Amino acid sequence: MKTVTGIAMGALAMAISQSLMAQQVSDIEVVEVKGTQQALDTLNPGGNTLKGIFGDGLSVADTPRAVTSLSAEAIAALNINDLHDIVKAAPNAYASSGFGTPSLPSIRGQLGELFQDGIRRQGGNNGFGLPLSFNSVEQIDVVKGPSPVLFGSTQRNGGFVNLQTKLAPLSDSRGKVTLRAGRWDQYSAQLDYGTALQEGKSGIRLSAEYLDHGSFYDFAERESTNLFVAYRYAPSDVLTWSISAEYYDTDYPDNAGINRPTQDLIDNGIYITGQGVQANGSTVPGAGAIVSPMGEVVIPRNRVFTHPDDVNGAETTVIRSNLEYQLADNVAIRNITYYQYLEREEIAQNSFVEIIDGADTFENRTELDYQWSDKQLTTVGFALRYNDVLGYSQFTTEADNPIDLTGPISNRVISLTDAQKARLVELRPGVFVSPGAQYDVDGDGKGDFNLSDTTDSASWQTGLVFQQRSTWTEKFSTIGGIRIDYYDVAARDPLAPEGVEAASDNYSDTLTSYQLSAVYKLTEDVNFYAAFSESDATSNSMAGGTVLGGDNEIDPLNFATENTLYEIGVKYAPQSYWYAEAALFDQTRSLRNRDGSNSGVKTQGFELQVFYQADDVWINAAYSYLDARFDDAAAFQDTAQVTDVFDSSRPDIIQGSGVGSPSFAAFPASDSRVQGIPPQIVSINVGWKAADDFQVGASALYTKSFPLDFLQTVHIRDQYTIDLNADYEVTDDLRVRLDVINVTDEENWQPVFEGGYFGATLVMPNVPRHAQLTMQYAF
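Residues numbered from 1 in each chain as written. Predicted model: local features only at pLDDT ≥ 70, side-chain atom pairs only at ≥ 80, totals over all residues. Heavy atoms only, no water.

A. The pairing of strand β35 (residues 694-703), seen in detail. Direction of pairing for strand β34 (residues 680-691) relative to β35: antiparallel, over a ladder of ten bridges. Across the sheet, the residue bridging to W688 is V696, located in β35. Between the antiparallel neighbours β34 and β35 lie two residues. (Pairing = 2+ DSSP bridges. Helix = DSSP H or I, 4+ residues; strand = E, 2+ residues; numbered from the N terminus.)

If you want it as structure tokens, here you go:
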């Protein structure tokens, strides 16, 4: 890892030195083109530029999709610290806890994709990857629906977040230091400094962030370091080259919340005690274990499913390059390059193992714009993406419901039996994982091993794209596009059992995507739009890898995930204090199940967001409605319902069914509501400048009641959260801000995992009231 980091920093230093040499012989007059960030005195998102989504930048108001764009100032004003916080401003962006680690966004009831500068980032895994630092980020754009054709086919299609990377300045020097302290010994520090190296032609920017967070939850501390350096070179008004490197090292918890989520737990905090017992009499948690209720207690909300001896960390390096060149008055070229190296290791005491022993991801995309006239713009592109993953995993022996969280910590340890070890492979002393394929060692015609996501796979994705932007009249314009992606994938078992030949397979396929959108300008301030998208997508395992199925072949269905979007909307963007948009949508997509299969999901909904800013006050409000249902598709849960955990020995406590848990329940194809998703969300944020040097603000979020499990036996009730803040400008350069989060100390709850798989097994208690103090010094 140190070698990779050294190469990245060395390459950046070489690029800087070469460009400095080039500048010495350059006598081209420079006209600096300013970036796309909002001015400091406005938070209005209507004028923000969305770079790359439909080629050359479009404003939010002119983009034919539902969009929430957050400038650096808006990110600070709304106190957005991770991907879960975007729900404060973006409709239909409610997320499960992701085992306490927001690694991907959730949009319209599904995990969304994460892009940076139009290139898909490596997230680590589905629902529980590595946390994301905003240290390198200058703007967050939340876009609904599948990714556009320029971005290529992806796995997650409810929507996506595109992060815009910080740019180095081409004039002057500026910087800031930000220090933050909060309850539970949560501390962080950030230094962000940029300066021009040659006025108007080049600049460099450095940003470093350190985070040391204690936690409200037991054994859930987090520590991370993020280092970012960016360089920009603009020798003329026709050429701009931005490159950056980012290094991120983090240790973080796998927090599964509280198990046995009965309605009494949700409503009153009442937890049913008693350790589960397997059929063989063992009290070690295992499949089918049954709990004889021993009593009821009010469980402390910090008593979550963690263990002090769990090991969980990740380390990654990212290199980015963005070159823009105006070849002629009517011809422009853009080249975007991305490389990421990722390592991750989790070894949990409940027998869960996930080790990414190196994942290399590279993508290069070139786009050529040809302006036929002021009304016709053609974009053609070529993209190449490579993903190489070596990873080991084991999730087949986890058993959460049998564990009594009120008992000794030893209750949470799952020591593998000899029989379980025989169905796994020892990766290193004491660490057992699944092989990457199935084998019949004893010759009885049945597979002898438990499969998870272990893989050694490599994929090449080659994409060709065509897009046409046309202005037909002063009022009517369209964007149409098509992309074809060819996949060539190889997967093999990296850890075959002794005495067998490692299985492997190769697969290739062609995926297509189409889009068509139209904008009609009703007035100078009001745009009506309609959008259609149809795309094929992939279904991948950890780190974007591809696994072998039980037949030791790559499943073709992993390349047959179909997605369709119909969306209409209206946007109001006067040249004043207002911005508003509303959208209606009908979308079908697929949900990747924990066993690697896919279930169709159909969603319909409505979204509304409004922004207003006057001289001394600003208001942002959003409303969303979502009806998400299985599309005549099967559904799966770790356990069918929470009563299955218990026997019937204590009907005064609970009338248990005695089925046992986990039972790996499968529900037949239906159009039932997708569990774990609130049907309605309302958010409002307000800020008031009470004096020249003093501001106050508030945020409120409301979610309507929704079922936690597929059978809808347990519901998370209507919930709300209110946050308050105050900002005092001590001097022109120094300001202090106080945030009080969950000021009314609500005892709210949240699903643990997207798609509802753990709906009858786990639920996350949200944190109580807490405060954080931020000091920022600009220089």
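B. Geometry of a negative patch on the surface. On the surface, D185, D212, E223, D249 and D251 cluster together into a patch of negative charge. Counting through the fold element by element, D251 comes out in strand β14 (residues 239-251). (Patch = residues over 30% accessible without salt bridge, like charges linked within 9 Å, V, L, I, M, F, W, Y side chains within 5 Å. Areas by Shrake-Rupley, 256 points an atom, 1.4 Å probe, with all protein chains shown as cover. Salt bridge = Lys/Arg side-chain N within 4 Å of Asp/Glu carboxyl O. Lys, Arg positive; Asp, Glu negative; His and termini not counted. Charge placed at Lys NZ, Arg CZ, Asp CG, Glu CD.)

C. Spotlight on unusual backbone geometry. With an omega of 0 degrees, the peptide bond between S661 and P662 qualifies as cis. For P662, the position within the fold is in the loop between β32 (633-637) and β33 (665-670). A positive phi angle, close to 55 degrees, is found at R260, a residue other than glycine.

D. Layout of the nonpolar core. If you look at the biggest cluster of nonpolar residues, it comprises 79 residues, and the most contacted ones within it are L70, F134, I140, V161, L163 and I258. Breaking this core down by element, the ones donating at least two residues are β3 (67-70), α2 (72-77), β6 (113-116), β8 (137-144), β9 (159-165), α3 (263-268), β16 (270-273) and β41 (762-765). Ranked by residue count, the leading element in this core is β8, at four residues. The contacts of F134, once residues within four sequence positions are left out, are I80, N81, D82, L83, I140 and L163. Among the nonpolar cores identified, the runner-up in size contains 13 residues, and F585, F630, A635 and A665 belong to it. (Core = buried A, V, L, I, M, F, W, Y, C linked by side-chain atoms within 4.5 Å. Buried < 20%, exposed > 50% of the residue type's maximum accessible area, 1.4 Å probe, protein only. Contact = heavy atoms within 4.5 Å.)

E. Geometry of the pairing of strand β20 (residues 353-373). Sheet topology note: the strand β19 (residues 331-347)/β20 ladder contains 16 bridges and is antiparallel. Within the sheet, the bridge partner assigned to Y341 lies in β20 and is D360. Counted between consecutive antiparallel strands, the loop separating β19 from β20 contains five residues, among which S351 sits at a positive phi close to 85 degrees. Following β20, the chain reverses through two residues before pairing antiparallel with strand β21 (residues 376-394).

F. Focus on the sheet that holds strand β40 (residues 749-750). Within the open sheet, the three strands sit side by side as β15-β41-β40. Their pairing is antiparallel. The open sheet terminates on both sides in strands that have one partner only, identified here as β15 (258-259) and β40. The pairing of β15 with β41 spans two bridges and is antiparallel. Bridging from a neighbouring strand, N259 pairs with L762 of β41.

G. Looking closely at a nonpolar patch on the surface. Judged by side-chain polarity, V238, Y325, L327, L368, V380, F466, I482, I484 and Y514 come together as a nonpolar surface patch covering roughly 690 Å² of accessible area. Looking at where I482 falls in the secondary structure, it is placed in strand β25 (residues 476-492). The exposure class assigned to I482 is partly exposed, which follows from its relative accessible area of 32%.

H. Broad picture of the packing of aromatic side chains. One pass over the full model with this rule turns up 24 aromatic pairs. Ring plane angle 50 degrees and centroid distance 5.5 Å describe the contact between W184 and F216, whose orientation is recorded as tilted. Taken together, the residues W184 in the loop between β10 (173-182) and β11 (186-198) and F216 in the loop between β12 (202-213) and β13 (222-236) connect sequence positions 32 residues apart. With centroids separated by 5.8 Å and ring planes inclined at 10 degrees, the aromatic side chains of Y193 and F779 adopt a geometry described as stacked. (Phe/Tyr/Trp six-rings, centres within 6.5 Å; stacked < 30°, edge-to-face > 60°.)

I. Local environment of the sheet that holds β8. Taken in spatial order, the five strands of this open sheet run β3-β8-β9-β6-β7, and their pairing is mixed. Among the strands making up the open sheet, the edge pair consists of β3 and β7 (119-120). Taken together, the seven bridges between β8 and β9 define a ladder with antiparallel strand orientation. Bridged to D141 within β9 is N162.

J. Region of the structure containing the environment of G288. Here G288 is to be found in the loop between β16 and β17 (295-298). Classification of G288 by relative accessible area gives partly exposed; the value is 31%.

K. Here's a closer look at the side chain of T262. Residue position: T262 is located in the loop between β15 and α3. The class for T262 is buried, based on a relative accessible area of 8%. Within the local environment of T262, its side chain forms a polar contact with the backbone nitrogen of L265, the two atoms lying 3.1 Å apart. Every residue in contact with T262, bar those within four places of it in the chain, is listed here: I270, I272, V642, I654 and V714. (Polar contact = N/O pair within 3.5 Å; in protein donor to acceptor, adjacent residues only side chain to side chain.)

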